[in-house]
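# Residue-level structural notes
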Amino acid sequence: MMRVDPNRLLPKPSQEVTIVNPPPQTTAISTRSTVKKFCENPSTSSKIPFRPCKIQKLTSNIPVDNATKSPQPTLTKIPKSLSTKPEIDLALNHLRTSDPLLATLISTHPPPKLSPCNSPFLSLSKSILFQQLASKAANSIYTRFISLCGNESNVLPNTVLSFTPQKLREIGVSARKASYLHDLSDKFSTGILSDTSILTMDDETLFQMLTAVKGIGPWSVHMFMIFSLHRPDVLPVGDLGVRKGVQIFYGLKELPKPLQVEQICEKWRPY
């Protein structure tokens, strides 16, 4: 048998041994393009042949249990204006269901008949003229104001702007209210407000835009929203008449504060 000297297998002292570190292994492939590139262009130094890769979309054949699905809330479309009988009936039915005391009160009165508002500018002008006046005095001034314009259909921004404060003073309009009418008319004539935009604004935007007019505060906006636009979700909690009505209706010993009124009537929403 031939014997092999083990010293021949060891490198000579002058011979250098070079250790080549293998390239780092990729541990994660996150995109489809990376997978495709890796499969189509394998490393040339590899001796292991690569089979073509096919990416399969994983699907589950297990039916989804209907009981595990999140329940979808039932959405009720709230009208922007209570101007038709079906809309009013919907509101009354909701109030009957949400508050038994209201159900008794509703049954003793006929349903309201509300007509759509055709001219927000006219309604807002009338609101300014009626501020802080007794009904008889306010109606007298309003009648003279309509006569000065010609008729109600002619109560327009440019028409009101043509009247000087002195001219308005001659029909009983105070100097302060004359400035309020002119500011309202100016905002309409410049396009900041319009009949169309007012009818289509949401409640919050409408409140912000109208309270920017001189002489129109939160109470005036609420009254305009209720009696002219017939908006359903309006509760003027600061109105003394509303607070007294809630006190009498629910038999409260003391006049409720605005926050208490809001809490008591929360169940009426969105009407």
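Residues numbered from 1 in each chain as written. Predicted model: local features only at pLDDT ≥ 70, side-chain atom pairs only at ≥ 80, totals over all residues. Heavy atoms only, no water.

### Regarding the side chain of D99
For D99, the position within the fold is in the loop between α2 (85–98) and α3 (100–107). The side chain of D99 sits in the buried core without any salt bridge; K267 is the nearest counter-charge, 4.1 Å away. Of the polar contacts made by the side chain of D99, one reaches the side chain of Y250; its length is 2.5 Å. If we skip the residues at most four places from it in the chain, D99 touches Y250, K267 and W268. (Helix = DSSP H or I, 4+ residues; strand = E, 2+ residues; numbered from the N terminus. Buried < 20%, exposed > 50% of the residue type's maximum accessible area, 1.4 Å probe, protein only. Lys, Arg positive; Asp, Glu negative; His and termini not counted. Salt bridge = Lys/Arg side-chain N within 4 Å of Asp/Glu carboxyl O. Polar contact = N/O pair within 3.5 Å; in protein donor to acceptor, adjacent residues only side chain to side chain. Contact = heavy atoms within 4.5 Å.)

### Some words on the side chain of R231
With respect to the helices and strands, R231 occurs in the loop between α11 (218–227) and α12 (240–249). For R231, a relative accessible area of 6% gives the class buried. Looking at R231, its side chain comes within polar contact range of the main-chain oxygen of M201, at 2.9 Å. Discounting residues that sit within four places of it in the chain, R231 has contacts with K80, I198, L199, M201, D202, D203, L206 and M225.

### Remarks on the packing of aromatic side chains
Ring pairs (aromatic) are described by centroid distance and by the angle formed between their planes. Counted under the stated rule, the structure contains three aromatic pairs. Ring centres of F249 and Y250 lie 5.0 Å apart, and the angle between their planes is 85°; on these two criteria the pair is classed as edge-to-face. The partly exposed category is assigned to F249, whose relative accessible area is 27%. (Phe/Tyr/Trp six-rings, centres within 6.5 Å; stacked < 30°, edge-to-face > 60°.)

### Some points on the pattern of salt bridges
Overall, the coordinates contain six salt bridges when judged by the stated rule. Where D89 meets K85, a salt bridge forms, and the shortest distance between an N and an O atom there is 2.8 Å. Note that D89 and K85 are positioned in helix α2 at a spacing of four residues, about one turn of the helix. Classification of K85 by relative accessible area gives exposed; the value is 58%. With its nearest N and O atoms 3.0 Å apart, the salt bridge here joins D233 to R269. With D233 in the loop between α11 and α12 and R269 in the segment after α13 (258–264), this residue pair connects regions lying 36 residues apart in the sequence.

### Things to note about the packing of helix α4 (residues 120–130) against helix α5 (residues 135–149)
Where α4 meets α5, the closest approach of the two axes is 9 Å, and the angle between their N-to-C directions is 135°. Classified by the angle between their axes, α4 and α5 sit oblique to one another. In the crossing of α4 with α5, the sense of the turn from one axis to the other is right-handed. Every residue of α5 that contacts α4 at L122, K126, L129 and F130 is listed here: A138, N139, I141, Y142, F145 and I146. A per-class count over the contact of α4 with α5 returns eight nonpolar, one polar and one charged. (Axes fitted to C-alpha atoms, helices over the stretch in contact; angles between N-to-C directions. Parallel < 35°, antiparallel > 145°, perpendicular 65-115°, else oblique. Left-handed = near helix turned anticlockwise from the far one by under 90°. Nonpolar A, V, L, I, M, F, W, Y, C, P; charged D, E, K, R; others polar.)

### A short note on the confidence of the model for the protein
Looking at the protein, the pLDDT average stands at 80 and 71% of residues meet or exceed 70. Note on residues 9–76: pLDDT is under 50 here. Beyond four places in sequence and across chains, it has 10 contacts. (pLDDT = per-residue confidence, 0-100.)

### Thoughts on the nonpolar core
Side chains that are nonpolar tend, in soluble globular proteins, to be buried together. One finds L124, F145, L168, V173, L181, I198 and L210 to be the most contacted residues of the largest nonpolar core, which totals 34 residues. When residues of this core are traced back to their parent elements, those giving at least two are α4, α5, α8 (175–189), α10 (203–210) and α11. Aside from chain neighbours lying at most four places away, what touches V173 is L129, I141, L168, A178 and L181. Among the nonpolar cores identified, the runner-up in size contains 13 residues, and L82, I88, L102 and Y271 belong to it. (Core = buried A, V, L, I, M, F, W, Y, C linked by side-chain atoms within 4.5 Å.)

### Focus on the packing of α10 against α11
Running from amino to carboxyl end, α10 crosses α11 at an angle of 135°, the nearest separation of the two axes being 10 Å. Between α10 and α11, the angle falls in the class oblique. In this structure, α10 crosses over α11, and the sense of that crossing is right-handed. Residues D203, L206, F207 and L210 of α10 form the contact with α11, whose own contacting residues are P218, V221, H222, F224 and M225.

### Some words on unusual backbone geometry
Omega for the bond connecting R269 with P270 falls within 30 degrees of zero, at 5°, which places this linkage in the cis form. Relative to the helices and strands, P270 resides in the segment after α13. Positioned with a positive phi, Q132 is a non-glycine residue whose angle comes to about 55°. Counting through the fold element by element, Q132 comes out in the loop between α4 and α5. The residue H230 is not glycine, and still its phi comes out positive at about 55°. With respect to the helices and strands, H230 occurs in the loop between α11 and α12. According to the relative accessible area criterion, H230 is buried, its value standing at 5%.

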